[in-house]
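These are the residues of each chain, in order.
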Amino acid sequence: MSDVRRVIIVGIPGVGKTTIIRKIKHILNSKSLNTDYVVFGSVMMEEANKIGVKDRDDMRKLPISQQRKLQVVASSKIAEKRPDILLIDTHLFIKTKDGYWPGLPQDVVSELKPNNIILIEATPAEILRRRASDTTRRRDSVGEKDVLEELDIAKNMLSTLAVLTGATIMCAPNFDGKADDVALKIVSALGVK
Ligand code: AP5
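Cut-offs applied
- Residues numbered from 1 in each chain as written.
- Predicted model: local features only at pLDDT ≥ 70, side-chain atom pairs only at ≥ 80, totals over all residues.
- Heavy atoms only, no water.
- Helix = DSSP H or I, 4+ residues; strand = E, 2+ residues; numbered from the N terminus.
- Rg over C-alpha atoms; globule rule 2.2 N^0.38 Å.
- Buried < 20%, exposed > 50% of the residue type's maximum accessible area, 1.4 Å probe, protein only.
- Contact = heavy atoms within 4.5 Å.
- Areas by Shrake-Rupley, 256 points an atom, 1.4 Å probe, with all protein chains shown as cover.
- 1 Å grid on protein atoms, 1.4 Å probe; cavity = no way out; pocket = protein on both sides within 12 Å on 5 of 7 lines; lining within 4 Å.
- Points joined across faces, edges and corners; volume = space filled by probe spheres on them.
- Nonpolar A, V, L, I, M, F, W, Y, C, P; charged D, E, K, R; others polar.
- Axes fitted to C-alpha atoms, helices over the stretch in contact; angles between N-to-C directions.
- Parallel < 35°, antiparallel > 145°, perpendicular 65-115°, else oblique.
- Left-handed = near helix turned anticlockwise from the far one by under 90°.
- Salt bridge = Lys/Arg side-chain N within 4 Å of Asp/Glu carboxyl O.
- Near = heavy atom within 4 Å.
- Polar contact = N/O pair within 3.5 Å; in protein donor to acceptor, adjacent residues only side chain to side chain.

Student: Hey, could you run me through the overall build of the chain in this one?
Tutor: Of the regular secondary structure elements, the chain holds 8 helices and 7 strands. Taken over C-alpha atoms, the radius of gyration comes to 16 Å for the chain, in line with the 16 Å a tight globule of 193 residues would show. Its C-alpha atoms give the chain principal-axis dimensions of about 45 × 35 × 30 Å. Out of the 193 residues belonging to the chain, those deemed buried represent 46%. Intrachain contacts of the chain at a sequence separation of at least 6 include 76% that bridge at least 24 residues. Surface accessibility of the chain: about 9,700 Å² in total, with carbon and sulfur atoms responsible for 53%.

Student: What should I look at first to understand the layout of surface pockets in this one?
Tutor: Over the atoms, a rolling probe the size of a water molecule traces out where space has been left empty. Here the largest pocket is characterised by a volume of approximately 930 Å³. Pro13, Lys17, His91, Arg137 and Arg139 are the residues nearest the centre of the largest pocket, which is lined by 37 residues in total. Elements that contribute at least two residues to the lining of the largest pocket include exactly α1 (17-30), β2 (35-39), α2 (40-50), α3 (56-59), α4 (64-79), β3 (85-90), β4 (93-96) and α6 (124-133). Looking at which element gives the most residues to the lining of the largest pocket, the answer is α1, with 4 residues. For the lining of the largest pocket, the per-class residue count stands at 11 nonpolar, 12 polar and 14 charged.

Student: Got a minute to help me understand the packing of α1 against helix α8 (residues 179-189) in this structure?
Tutor: Any two packed helices are characterised by the angle at which their axes cross and by the distance between the axes. In contact at an axis separation of 9 Å, α1 and α8 are set at 55° when each is read in the N-to-C sense. Put simply, α1 runs oblique to α8. Classified by chirality, the crossing of α8 by α1 is right-handed. In this structure, α1 uses Thr19, Ile20, Lys23, Ile24, Ile27 and Leu28 to contact α8, whose residues at the interface are Ala179, Asp180, Val182, Ala183, Leu184, Ile186 and Val187. Across the contact of α1 with α8, the residue classes break down as 10 nonpolar, 1 polar and 2 charged.

Student: Quick question: what am I supposed to make of the pattern of salt bridges here?
Tutor: Where side chains of opposite charge bring their charged atoms close, a pairing between them can arise. This structure, assessed with the given rule, holds 13 salt bridges. One salt bridge connects Lys17 with Asp89, and the closest N-O pair in it is separated by 3.6 Å. Here the residue Lys17 occupies a position in helix α1, and Asp89 occupies one in strand β3, the gap between them amounting to 72 residues. Each of the two residues, Lys17 as well as Asp89, counts as buried. Put simply, Glu47, Lys50 and Lys77 are held in one network by salt bridges that share partners.

Student: Can you walk me through the site of the ligand in this structure?
Tutor: Neighbouring the ligand are 32 residues; Thr18, Thr19, His91, Arg139 and Asn174 lie closest to it. In the model, a nitrogen atom of the ligand is placed 3.0 Å from a nitrogen or oxygen of the Gln71 side chain. Within the contact set of the ligand, a nitrogen atom lies 2.8 Å away from a backbone nitrogen or oxygen of Gly103. Counting residues per element, the ones that place at least two in the shell around the ligand are α1, α2, α3, β3 and α6. When the residues that make up the shell around the ligand are grouped by side-chain class, the tally is 11 nonpolar, 12 polar and 9 charged.

Student: Explanation requested: unusual backbone geometry in the structure shown.
Tutor: A negative phi angle is the norm for most residues apart from glycine, just as the trans form is the norm for most peptide bonds. One non-glycine residue, Ser32, lies in the positive phi region at around 60°. Position of Ser32 relative to the elements: it lies in the loop between α1 and β2. For Ser32, a relative accessible area of 68% gives the class exposed. Phi is positive for Lys113, close to 45°, though the residue is something other than glycine. Tracing the chain through its elements places Lys113 in the loop between α5 (106-112) and β6 (116-121).

Below you can see the structure in the form of structure tokens.
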């Protein structure tokens, strides 16, 4: 068993997972815990750059076979990191043109060996508003019904991962204006004093 505590934080795009993870890292570092934070999509992007992909929103449009190669390389690189606590920002699934594709299939979670998997949630209206406010990204145009479907699939995949990995799972609602409270609640659930 690995001595690194690996905490995977997932959530559908725009739910606020990056915001929450940054706050968690800040709290853990303030307690002098050696905490590292890695964005799975950024590690994939380093590899994708080598095959000419320029924008992270183009990765999910690549053929699944190519995304799969990038995914496997990223999981191996992330598994090499050895802080005391590793926060991993990633996705339960990617919405591709071929359908929903798992971001954490069995071989990837076997590599990452998570101790905890935390799903960040918010209401469909909040998620859509947050996606719209981020002008740096090229999001797919969807409505509340689609977001509800994504939230539903996320919960199903989360339960499956608990059974596959033995990691604890937790759902953390990130309602408007509550990001600090959510981060504190997660730190407390991790058993960090
Ligand atoms: P990634 O980089 O993770 O992109 P993303 O999901 O679009 O994530 P974002 O960081 O944009 O959204 P977020 O939910 O973190 O929201 P944020 O905190 O910014 O992934 C990029 C790509 O990598 C994927 O598309 C895929 O191709 C690939 N990838 C990744 N993992 C993979 C895997 N395992 N396998 C295969 N491919 C993979 O917040 C959004 C906004 O909301 C901000 O303006 C923020 O200020 C605001 N906000 C947040 N919380 C609150 C709050 N409580 N109140 C008010 N406003 C709030």
